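# Analysis of the macromolecular model
The primary structure of each chain is shown beneath.
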Amino acid sequence: MTRTPYLSSRLQGFGTTVFAEMSALAVATGSINLGQGFPDEPGPAAVLDVARAAIGTAHDQYPPGPGLPELRTAIAEHQLRFRGLTHDPDGEVLVTAGATEALTAALLALLEPGDEVVLFEPMYDSYAAAVAMAGGVLRPVPLHPPAVAAGEVGTGAWTFEEAALRAAVTPRARMLLLNTPHNPTGKVFTAAELALLAEVATAADLLVLTDEVYEHLVFDGATHTSIATLPGMAGRTLVISSGGKTFNTTGWKIGWVCGPAPLVAAVRTAKQYLTFVNGGPFQPAVAAGLRLPDAFFAGVTADLQRRRDRLTAGLAAAGLPVVSPQATYFATVDVRPLQPDGDGVAFCRALPARAGVVAVPSVVFYGAADAHLGRHLVRFAFCKRDEVLAEAARRLGEMQ
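What counts, and at which threshold
Residues numbered from 1 in each chain as written. Predicted model: local features only at pLDDT ≥ 70, side-chain atom pairs only at ≥ 80, totals over all residues. Heavy atoms only, no water. Helix = DSSP H or I, 4+ residues; strand = E, 2+ residues; numbered from the N terminus. Rg over C-alpha atoms; globule rule 2.2 N^0.38 Å. Buried < 20%, exposed > 50% of the residue type's maximum accessible area, 1.4 Å probe, protein only. Contact = heavy atoms within 4.5 Å. Pairing = 2+ DSSP bridges. Axes fitted to C-alpha atoms, helices over the stretch in contact; angles between N-to-C directions. Patch = residues over 30% accessible without salt bridge, like charges linked within 9 Å, V, L, I, M, F, W, Y side chains within 5 Å. Areas by Shrake-Rupley, 256 points an atom, 1.4 Å probe, with all protein chains shown as cover. Salt bridge = Lys/Arg side-chain N within 4 Å of Asp/Glu carboxyl O. Core = buried A, V, L, I, M, F, W, Y, C linked by side-chain atoms within 4.5 Å. Domains from an automatic or database assignment. Buried area = accessible area lost by both parts, 1.4 Å probe. UniProt positions renumbered as here; feature names shortened; annotations may be inferred.

## A few points about the overall build of the protein
- Check the secondary structure of the protein and you find 13 helices and 14 strands.
- In summary, the protein has a C-alpha radius of gyration of 21 Å against a globular reference of 21 Å for 400 residues, a match within 12%.
- Evaluated residue by residue, the protein yields a buried proportion of 55% over its 400 residues.
- Long-range contacts, defined as pairs at least 24 residues apart, comprise 74% of the intrachain contacts of the protein with a sequence gap of at least 6.

## Section: the sheet that holds strand β10 (residues 322-323)
- Strand order in this open sheet of five strands is β5-β10-β11-β14-β13, and the pairing throughout is mixed. Either end of the sheet is taken by a strand with one partner, and the two such strands are β5 (153-154) and β13 (360-361).
- As judged from the two bridges shared by β10 and strand β11 (residues 330-334), these two strands associate in the antiparallel manner. Considered in β11, the bridge of V323 is made with T332.
- Each of β13 and β14 (377-381) touches helix α11 (residues 344-355); the most contacted strand, β14, lies at about 40 degrees to it.

## Here's the deal with a nonpolar patch on the surface
- Together, L108, M133 and L274 make up an exposed nonpolar region whose accessible area comes to about 230 Å².
- For M133, a relative accessible area of 37% translates into the label partly exposed.

## Some words on the nonpolar core
- Counting residues in hydrophobic clusters, the biggest one holds 92 residues, and the most contacted among them are L71, L107, L209, L238, L351, F380 and L396.
- When we break this core down by domain, the ones giving at least three residues each are domain 1 (9-43 + 295-398) and domain 2 (45-292).
- One finds V141, A173, A198 and A201 within the second-largest nonpolar core, a separate group that totals 27 residues.

## Comments concerning the pairing of β14
- Burial analysis of β14 places five of its five residues in the buried class, the great majority of the element.
- Side chains of β14 alternate between two faces, with L377, R379 and A381 and V378 and F380 buried alike.
- Sheet topology note: the β11/β14 ladder contains five bridges and is antiparallel. Among the inter-strand pairings, T332 is bridged to a residue of β14, identified as R379.

## Structural notes on the domain arrangement of the protein
- Domain assignment breaks the protein into domain 1 (9-43 + 295-398) and domain 2 (45-292).
- If you average the C-alpha positions of domain 1 and of domain 2, the two centres end up 23 Å apart.
- Taken together, the contact between domain 1 and domain 2 spans 43 residues of the former and 50 residues of the latter.
- When the buried surface of domain 1 facing domain 2 is broken down by residue, F297, Q326 and F365 rank first, second and third, together holding 20% of it.

## Side note on the sheet that holds strand β9 (residues 254-258)
- Strand order in the open sheet formed by seven strands is β2-β9-β8-β7-β6-β3-β4, with mixed pairing between adjacent strands. Across the chains shown, the open sheet's two edge strands, defined by having one partner strand only, are β2 (93-97) and β4 (137-142). Strand-to-strand twist across the sheet, computed as the mean angle between neighbouring axes with direction ignored, equals 25 degrees.
- Alignment of strand β3 (residues 116-121) against strand β6 (residues 173-179), held across four bridges, turns out to be parallel. By the bridge assignment, L119 is partnered in β6 with L177.
- Seen against the sheet, helix α9 (residues 282-290) touches β2 and β9 and runs at an angle of roughly 65 degrees to β9.

## Concerning the UniProt feature "domain: Aminotransferase class I/classII large" (unreviewed entry) in the protein
- Here the UniProt feature "domain: Aminotransferase class I/classII large" (unreviewed entry) sits at residues 32-396.
- Helix makes up 38% of residues 32-396 and strand 16%, and the two end C-alpha atoms of the span are 11 Å apart.

## Digging into unusual backbone geometry
- A cis amide bond, omega -5 degrees, links T180 with the succeeding residue P181.
- For P181, the location among the structural elements is in the loop between β6 and α7 (191-203).
- Cis geometry marks the peptide bond from N183 to P184, where omega comes out at 20 degrees.
- Mapped onto the secondary structure, P184 falls in the loop between β6 and α7.

## Observations regarding the environment of A173
- Residue position: A173 is located in strand β6.
- When the C-alpha atoms of A173 and G114 are compared, they prove to be 9.1 Å apart, with 59 residues separating the residues in sequence.
- In this structure, A173 is in contact with E116, V118 and L206, ignoring residues within four places of it in sequence.

## Some points on the pattern of salt bridges
- Applying the stated criterion across every chain, the model contains 26 salt bridges.
- For R306, the salt bridge goes to D303, with nearest N and O atoms at 2.3 Å. Taken together, the residues R306 and D303, both in helix α10 (residues 294-317) and three residues apart, mark about one turn of the helix.
- Overall, the relative accessible area of 37% leaves R306 in the partly exposed class.

This is how it looks when you write it as structure tokens:
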């Protein structure tokens, strides 16, 4: 690997993200962008109107360091309402600049150089960079996709091997980083899998950092369970989420972390030297969103599930094997029926010319040692308007 001038050794190998490359390719070619996971419709008026009303008021100034009290209270209420978890808004809830800052601040605060982080791959791309910035070492456990035939939509779940999980936990292990519902696979970890993870974390005395930003976007009657709710886990677990995915406000970057006061205080120490505070007018708006009735959250799920089914049907009609996700914004396909050499990066770079659609190669969600596991996989986002998905499906079906 050629060393990048001036870049710290901790960040060697981390260049411009593939999302930037593919989004630029979509603009340059006029293609439909199903690469980056952001909705193309506004969020609920009940949330947006609160933000509009807050602009031009005292909310334009710095909010309190831990976050607006109204929002911290709403987050605590949300955790009790949906997860059965009790948190003190004054010491066990911290508002952050999105979930990504919450994750980064937690890793910076809790890891010593050389500490190992056990996690599953493919993984959200910021994890590897944040662990590197904290001086940590990744110990990935591979997730394996279910077998799906070409032109079909598979409904099986991604799985992992217990032996691989246990082998990843060495004496240097400090933390389990869990993402459920999982990006990019759409996997929802089962009760049995969570019980195994809790047992492993307890036996090795690991801290647990759980990223639950897709907690309300779970399909087909599947259930999202936070590992913090399992016996003995609340005291070692930090739960991270955000309002961006649930309320179609990804650009607002309002996230949070909940957990035991000593762990939250540690994260706050690092966070205050990152953004300090953010999103003053958006904080009361997200508070309003978290208090919306159950019907709103059920409606979001049903709507997104319908869009998932529209896109996965189109991908299957194009001759691709599709893994239908249990949650999130994303569906994964195996490109080998249309790209015999299995090069997902080449497939994505050629896709705008072939079909006028942009996707993201899944290989970017793997570490170098396991890149071969994701080389033939590509991720498509379905968090788009119906007419956009219909046109994308049409184009894919006519792909040359």
